[in-house]
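# Remarks on the overall topology
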Amino acid sequence: MARWCYRHRLVVLLLWVGALFGLGFAATTAGTDYANVFSLPNTDSKRAYDQMEKAFPDSAGDTDTVVWKVTEGTVRDASVRSRIQPVLDEIAGMKGVGQVAGPYQGERGAAQISRDGTIAYAQITFAEQANAVPKELVQDVVDTAQGAERAGLQVELGGQAIQRVQEPPTGLAEMVGILAAALVLFLAFGSLFAMLLPIGIAVFGVGTGLFSTQLLSHTTDIPDLAPLLATLIGLGVGIDYALFIVTRHRRGLLRGLESEESAVVALNTSGRAVLFAGGTVCIALAGMLVTNLRFLDGVVIGTSLTVVFSVLAATTLLPALLGVLGTRVLSRRQRRKLAERGPEPERASGAAARWSMSVQRRPRTIAVIALAVMAVLALPVLSLHLGATDQGNDDSTTTTRQAYDLLAEGFGPGFNGPLQVVVTGGDTDALAKSIGGTPGVAAVAALPPANGVTVIQVVPTTSPQSVKTDDLIDTLRDRVIPDAGASAHVGGVTAVSKDFATITGDRLPWFVATIIGLGFLLLLIAFRSLVVPLTAALMNLIAAAASFGVLVAVFQWGWGLELLGLGKEGPINAFLPVIMLSLLFGLSMDYQVFLVSRMHEEWVHTKDNARAVRVGLAETGRVINSAALIMVCVFLAFVLSGDAGAAMAGVGLAAAVALDAFILRTALVPAAMHLLGNSNWWLPAWLDKRLPHLAVEPAEEPSEDAAPAGGGASAVHGFVRDAEGEAVDGAVLTLLSKGGRQLDRVTSLADGSYIVSVPAPGTYLLSATARSYGTRAHHVVVTDEPLVHDVELLQGEVDADAVN
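Reference entry: report on the structure contained in this document. (Residues numbered from 1 in each chain as written. Predicted model: local features only at pLDDT ≥ 70, side-chain atom pairs only at ≥ 80, totals over all residues. Heavy atoms only, no water.)

## A look at helix H17 (residues 428-436)
Spelled out, the test is: Remark: exposure states derive from per-residue accessible area (1.4 Å probe, protein chains only) relative to the maximum for the residue type, with buried under 20%, exposed over 50%, and partly exposed in between. The helix count covers DSSP runs of H or I at least four residues long, the strand count covers runs of E at least two residues long, and both are numbered beginning at the N terminus. Of all possible arcs, the one meant is that of the directions from the helix axis to the C-beta atoms. We call two N or O atoms a polar contact when they sit within 3.5 Å, provided that within protein one can donate a hydrogen and the other can accept it, with sequence-adjacent residues counted only if both atoms are side-chain atoms.
Looking only at H17, the buried set comprises Thr-428, Leu-431, Ala-432 and Ile-435. End-on, the buried residues of H17 take up no more than an arc of 100°, which puts them together on one face. Every exposed residue of H17 that faces more than 90 degrees away from the buried side is listed here: Asp-429 and Lys-433. Put simply, Asp-427 is the residue that caps the front of H17, since its side-chain oxygen is 3.1 Å from the backbone nitrogen of Asp-429.

## Some thoughts on the pattern of salt bridges
The test is simple: What makes a salt bridge here is a side-chain nitrogen of Lys or Arg within 4 Å of a carboxyl oxygen of Asp or Glu, nothing more.
A full pass over the atoms with the stated rule returns 11 salt bridges. A salt bridge links Asp-474 to Lys-498; its shortest N-O distance comes to 3.0 Å. Linking Asp-474 in helix H18 (residues 467-484) with Lys-498 in helix H19 (residues 493-527), this pair joins segments that are 24 residues apart in sequence. When its relative accessible area of 30% is taken as the criterion, Asp-474 is described as partly exposed. Between Arg-528 and Asp-688 there is a salt bridge whose closest N-O contact spans 2.8 Å. Remark: Asp-688 occurs in helix H25 (residues 685-690) and Arg-528 occurs in the loop between H19 and helix H20 (531-556); sequence separation between them is 160 residues. Overall, the relative accessible area of 14% leaves Arg-528 in the buried class. Exposure remark for Asp-688: the relative accessible area of 32% places this residue in the partly exposed category. Salt bridges sharing common partners tie together Arg-3, Arg-7, Glu-260 and Glu-261.

## Some words on the environment of Leu-617
Using the following cut-off: Contacts between residues were defined by any pair of non-hydrogen atoms, one from each residue, lying within 4.5 Å.
Residue position: Leu-617 is located in helix H23 (residues 609-637). As for Leu-617 and Val-359, which are separated by 258 residues in sequence, their C-alpha atoms are 9.3 Å apart. For Leu-617, the residues in contact, after removing those within four places along its chain, are Trp-355, Ser-356, Val-359, Leu-595, Met-599, Arg-665, Thr-666 and Pro-670.

## Some points on the sheet that holds strand S1 (residues 63-70)
So the rule is basically this: If DSSP finds at least two bridges between two strands, the strands pair. The angle between two axes is taken between their N-to-C directions and runs from 0 to 180 degrees, where each axis is a line fitted to C-alpha atoms and a helix contributes only its stretch in contact.
The strand order S2-S3-S1-S4 describes an open sheet built from 4 strands, whose pairing is antiparallel. Looking at which strands have only one partner, the edges of the open sheet turn out to be strand S2 (97-101) and strand S4 (153-158). Across this sheet, the average inter-strand angle for adjacent strands is 20°, counted without regard to direction. Sitting on the sheet, helix H6 (residues 135-146) touches S1, S2, strand S3 (119-126) and S4, and the angle it makes with S4 is about 160°. Along the sheet, helix H16 (residues 399-411) makes contact with S1, S3 and S4, crossing S4 at roughly 110°.

## Structural notes on the packing of H19 against H20
This is how it is decided: Working rule for handedness: look at the near helix, and if it is turned counterclockwise from the far one by less than a right angle, call the crossing left-handed; if clockwise, right-handed.
Interaxial distance between H19 and H20 falls to 8 Å at its minimum, and their mutual angle equals 145°. Handedness of the crossing formed by H19 with H20: right-handed. Each of Val-512, Ile-516, Phe-520, Leu-523, Leu-524 and Phe-527 in H19 lies in contact with H20, whose residues at this interface are Val-532, Pro-533, Leu-534, Ala-536, Ala-537, Asn-540 and Leu-541.

## Let's talk about empty space enclosed by the protein
Sizing a probe to match a water molecule and rolling it over the atoms shows the empty space that remains. Test applied: Put plainly, a pocket is an open set of points on a 1 Å grid over the protein atoms alone with protein on both sides within 12 Å along at least five of seven lines, a cavity is a set where a 1.4 Å probe fits but cannot get out, and a lining residue has an atom within 4 Å of a point. Grid points are joined across faces, edges and corners, and a volume is the space filled by probe spheres set on the points. Polar here means any residue other than Ala, Val, Leu, Ile, Met, Phe, Trp, Tyr, Cys and Pro, which are nonpolar, and Asp, Glu, Lys and Arg, which are charged; Gly is therefore polar.
Across all of its chains, the model carries 5 cavities of 30 Å³ or more by this definition. There is about 60 Å³ of room inside the second largest cavity. Looking at the second largest cavity, the residues that line it are Val-512, Ile-515, Ile-516, Asn-540, Leu-541, Leu-581, Leu-584 and Phe-585. Every element with two or more residues in the lining of the second largest cavity is listed here: H19, H20 and helix H22 (576-606). Classifying every residue of the lining of the second largest cavity by side-chain character gives 7 nonpolar, 1 polar and no charged.

## Remarks on the packing of aromatic side chains
Operational definition: Stacked, edge-to-face and tilted are the three classes for Phe, Tyr and Trp ring pairs, Trp counted by its six-membered ring, which pair at centre distances within 6.5 Å; planes under 30 degrees apart are stacked, over 60 edge-to-face, the rest tilted.
Summed over the entire model, instances satisfying the criterion amount to 7 aromatic pairs. Centroid distance Trp-16 to Phe-204: 6.3 Å. Interplanar angle 90°. Geometry classified as edge-to-face. Pair noted here: Trp-16 is in helix H2 (residues 9-30) and Phe-204 is in helix H9 (residues 192-216), with a separation of 188 residues, a long-range link. Phe-204 matches Trp-16 in its accessibility class, with the two residues each being buried. When the ring of Trp-68 is compared with that of Tyr-104, the centres are 6.3 Å apart and the planes differ by 40°; the resulting orientation is tilted.

## Quick word on the nonpolar core
Spelled out, the test is: For the purposes of this section, nonpolar cores are sets of buried Ala, Val, Leu, Ile, Met, Phe, Trp, Tyr and Cys residues that join through side-chain atoms within 4.5 Å.
Counting residues in hydrophobic clusters, the biggest one holds 151 residues, and the most contacted among them are Tyr-241, Met-288, Phe-555 and Phe-635. Excluding anything up to four places from it in sequence, Phe-555 contacts Leu-561, Leu-566, Glu-569, Gly-570, Ile-572, Ala-647, Met-648 and Val-651. Judged by nonpolar contacts, the second largest core, of 30 residues, contains Trp-68, Val-70, Ile-91 and Phe-126.

## Topic: the sheet that holds strand S13 (residues 742-747)
Reading across from one edge, S13-S12-S15-S16 is the order of the 4 strands in this open sheet, with antiparallel pairing throughout. The open sheet has two edge strands with one neighbour each: S13 and strand S16 (775-782). Sheet twist, expressed as the mean angle between neighbouring strand axes with direction ignored, is 20°. Pairing analysis gives 8 bridges linking strand S15 (residues 762-769) to S16, with the strands arranged antiparallel. Bridge pairing in S16 links Ser-767 to Ala-777.

The following block contains the structure:
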């Protein structure tokens, strides 16, 4: 497939461009129909919602609020009324506004004025739901209302439609994330074209995924948070997956492969890993379905679609783009050096190799330090409070936050989240009186009955996010309503949020067990070990606890919130643990497979655990850290999205990825594996026989570039000796093609002799390694005759690894 895409690059490019613009045109024409469905089967709030829907079927349209406050006099003064009432009349006459209920309209309107007379509000009901109301109309409402302000008269607006117009420009977070990723890629590659490739792949993957999700919103319930999360995840994985493939392709070019062959090798190795990684992320996302929460179904659809398109772009569009660019994916300096000196083996050196040696020398110390850091970061999770954020958590400079605060000041903190007791039978007046006498209730008002259903509005004395409000809901359900002998259900946004948090908390252990068990099974099959998957499962739990600890400290305790411009502290969104755990599981599996697969390969070849762990960390640490840094940049950029849920998810995922990559995978995991020794790779023989075999990498076979056509088989033979000239017994010698494919592998005899078979004349790489010795690698040129080549190994020297 890679070769076909490379050779038919213009066709592939046209197909992808056509898909992107075609889906974009269809999605733009159809518009959006996102719906936040928090309905939970078999919950009291869901029963209340169902009864209200039957009684008030025409109560559609978003309701927003205009709030004003005077510093002198009251809002009833003629000077205030003469400024506010014409504004309300003008808003009521706007096309798209259903009605405006103000405080100057009879006895019912008088209830919309605070007791001290300094604060009042009017309710604006639009003809459509918040997402369907044109932004131009909402902006006109905001400008008209705030035009009434003067010295001593403050006017603010709140509601979902109003919140939409104060968000930053669409795409700001994405652009900042892409620019940050571009900087990291340019520093890593030193090539403009190599930098642009991963970004282009991510843009195509995210674009097609988002447009498809937008179209699907017309056929199923997809929350408006889904496209934000899909963009966040799609940019991260899209750039990372392309990074892995481009890195492998550049390595092939530097070793002397032709551009096409290098692209094929890269896609047939790293591309397979990308397919595995993308499938793992989608499986982890699908794990959210275990919770049976309808709100998360749309999130699964949006995020999974974007990941699928990102994987497709990386495995089809990327080889086509590699064909267009050729060797220009290398920097000018690399191309010049390649032309002058020819191909050279890449060495595992630099900071990654030095760090790997440090972990091997002091595994116990590094493990203790890493565990201590993670434990400290995880401590705040003990006070985790799940709930729902609202406009009271917006930044203090926004009009929605100021309107929220004014309503709380004038009518009590519970006014922003009233409860709705939906009565279908029994004595409504007696129930209302009983509710009014319940501690924690500030006000009670029974609305006129409709279709046999009466709604009692209950205003708590505490805010919607307070634990005391949750306790009040339990009291009404468990004691007050049954004692009154009425048939009633407690609903409203606050009650729905509480039920959602409760259900999520109850189902979270099953969800965690599902994804941890799935990860254990996949790693067990891939690495034929019991200890490696157990270690990975434990690391996932540690990473989750620490990242949630960071979330609690920032968003629940408020550490740094004002500095980041993220508003006011509050509970952690109830859906976030499920989403974060799914994504953390998928992403950490990518890093774990990438790291441990290299260790496992070296273990299979040498049976030396210390060397396997050291080589695996040295050769993968830099790429893992680069990929993680890109994801952190992309995730943190969503702080600028203007959406509290997306900002919370961005900070949480950035913390999770950073801790997972920089502390767990490059410090704690290798340190633990050094301490565990050979037991890392233990698997009972009976289990080994029953497990299926799963190989992410393709089987090693001679590549076409290894020899010219028509050449005959030959051999390389000689002796392996140390610096003193003594024979080295048991040294492992590996013959590789220029593309890095293993052609033969043998072990030296007691006298140090060896012989490896060569498929045909050509240039190869011969690597030799042995316990207590370093690794040596040399290019060998084989003709029709066998080549004599002696190898000298030195104590402790790290020259190059077999994969290079």
